[in-house]
2 protein chains.
Amino acid sequence: MSNTKALPLLDPAPGEAAAPCCPPLTERPFTADEAETAARMFKALGDPVRLRLFSAVASHEGGEACVCDISDVGVSQPTVSHHLKKLKEAGLLTSERRGTWVFYRVEPSVLAAMGRLLTRAAPTS
Amino acid sequence: MSNTKALPLLDPAPGEAAAPCCPPLTERPFTADEAETAARMFKALGDPVRLRLFSAVASHEGGEACVCDISDVGVSQPTVSHHLKKLKEAGLLTSERRGTWVFYRVEPSVLAAMGRLLTRAAPTS
DNA sequence: CACCTGTATCGATGAGCGTCAACATAGACG
DNA sequence: CGTCTATGTTGACGCTCATCGATACAGGTG
């Protein structure tokens, strides 16, 4: 159930390619709400296995990969599935069943939003 | 104890301002070692309170702030101290006692390294 | 020196998370 | 329809972590 439900970490403003959840970290102190939203993304990438899976998908051809292609991360198959689900719930990945295999694909706008988060707003001093 | 011990998440290559621990996420599948290193940074920012504290320091004037200026995040003072220690251990902050107060300051090179991690290598989708 | 303020540490507690084995489901193929 | 492969789900276990109150330490002030 809830296959279509994935809490978006971005404002899905139509017409805007990537509306970030928050300003750059260095621009303003985060509010409790902004911090909660952004921390969810960071926490999703805060596990080595998840980071490897995400990197494997992101670096794969076309930005998508079958589970069978990336499941060699040293943990059991249920654990891989569990982490992929977590990444999907965090809005970092989307999944699509294609015949026997399930393909995961990165959400490019989220990547851009996170990059903007860490972009130094004022590099001077 | 271990006041001077802070595991650096960057290669402290002399002469190189910011030597990132890892390539961009989209460039190559992370190795187990790279993932472990990078995940430590993400995990440090994966808590709303820590993210607020870090953002408060990063956005403060001069990139540094006294604890008394940023400790209004809804948790007790020991918890604030605990999270600041975690951020320091992750290499994201440095601390310096100046009289009565302790000032925390961001490590700019780490911020740049993390930004590079999330920089899309191939923006042409 | 006594006292006050700011910050760190300690010990405990409760919640959350990563992991696995076992089982369930989906599609392909005969 | 039966079976095989690929993937997701469930339940349980152990560990880590976020949080707090109490306490300790540091430094300024009288």
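Now for a quick tour of the structure.

## Overview of the overall build of chain A
- Helix and strand content of chain A: five helices and three strands.
- Moving toward the C terminus, one meets the helices and strands of chain A in the order α-α-β-α-α-β-β-α.
- Expressed as a percentage of its 125 residues, the buried residues of chain A come to 43%.
- In chain A, the share of contacts with a sequence separation of at least 24, taken over all contacts with a separation of at least 6, comes to 58%.
- When the accessible surface of chain A is summed, it comes to about 6,700 Å², and 52% of that surface belongs to carbon and sulfur atoms.

## Some details on the protein's contact with DNA strand C
- Within the structure, DNA strand C sits among 24 residues, and Arg50, Thr79 and His83 of chain A together with Gln77 and Tyr104 of chain B are positioned closest to it.
- Within 4 Å of the protein, the contacting atoms of DNA strand C are drawn from sugar and phosphate to the extent of 76%.
- The contact in question runs from a phosphate oxygen of DNA strand C to an N or O atom on the side chain of Thr79 of chain A, over 2.8 Å.
- Within the contact set of DNA strand C, a phosphate oxygen lies 2.9 Å away from a side-chain nitrogen or oxygen of Ser81 of chain B.
- Secondary-structure elements contributing two or more residues to the surface near DNA strand C are helix H2 (48-59) and helix H4 (77-89) of chain A together with helix H3 (67-70), helix H4 (77-89) and strand S3 (101-106) of chain B.
- Along the lines of polarity and charge, the residues of the surface near DNA strand C split into 10 nonpolar, nine polar and five charged.

## Overview of the protein's contact with DNA strand D
- Close to DNA strand D lie 25 residues, the nearest being Tyr104 of chain A together with Arg50, Ser76, Thr79 and His83 of chain B.
- A share of 76% is what sugar and phosphate atoms reach among the atoms of DNA strand D within 4 Å of the protein.
- One nitrogen or oxygen atom from the main chain of Ser76 of chain B is found 2.7 Å from a phosphate oxygen belonging to DNA strand D.
- Within the side chain of Thr79 of chain B, one N or O atom sits 2.9 Å away from a phosphate oxygen of DNA strand D.

## Description of the state of the cysteines
Residue and element names in this part refer to chain A.
- Following the criterion strictly, the structure yields two disulfides over all chains and no others.
- Here Cys66 engages in a disulfide with Cys68; their sulfurs sit 2.4 Å apart. Taking the sign of the S-S torsion, about 130° here, the bridge from Cys66 to Cys68 comes out right-handed.
- Judged by relative accessible area, Cys66 falls into the buried class, the value being 4%.
- Overall, the relative accessible area of 48% leaves Cys68 in the partly exposed class.

So, how was this worked out
- Each residue is numbered by its place in its chain's sequence as written, counting from 1.
- Numbering of ligands from 1 and lettering of chains from A proceed in the order in which they are written.
- Note on the predicted model: pLDDT of at least 70 is required for a residue's local features to be given, and 80 or more for side-chain atom pairs to be given and counted; whole-chain, interface and lining totals, by contrast, use all residues.
- Excluding hydrogens and water, the side-chain figures rest on all heavy atoms present in the structure.
- For helices the rule is a DSSP run of H or I covering at least 4 residues; for strands it is a run of E covering at least 2, with both sets numbered from the N terminus onward.
- Exposed residues in this analysis have more than 50% of their type's maximum accessible area, buried residues have under 20%, and partly exposed residues fall in between, with area computed by a 1.4 Å probe over protein chains only.
- Contacts were defined at the residue level, with two residues in contact if any of their heavy atoms lie within 4.5 Å.
- Residue exposure ignores everything except the shown protein chains as possible cover, and the areas themselves are Shrake-Rupley values with a 1.4 Å probe.
- Nearness of a residue to a molecule or strand requires only that one of the residue's heavy atoms be within 4 Å of it.
- Between N or O atoms, a polar contact is any pair within 3.5 Å; within protein, one atom must be a potential hydrogen donor and the other a potential acceptor, and residues adjacent in sequence are included only when both atoms are from side chains.
- In this count, Pro and Cys sit with the nonpolar residues alongside Ala, Val, Leu, Ile, Met, Phe, Trp and Tyr, while Asp, Glu, Lys and Arg are called charged and the others, Gly among them, polar.
- Disulfides are defined in this document as cysteine sulfur pairs within 2.5 Å.

Just geometry here; none of it tells us what the structure is for.
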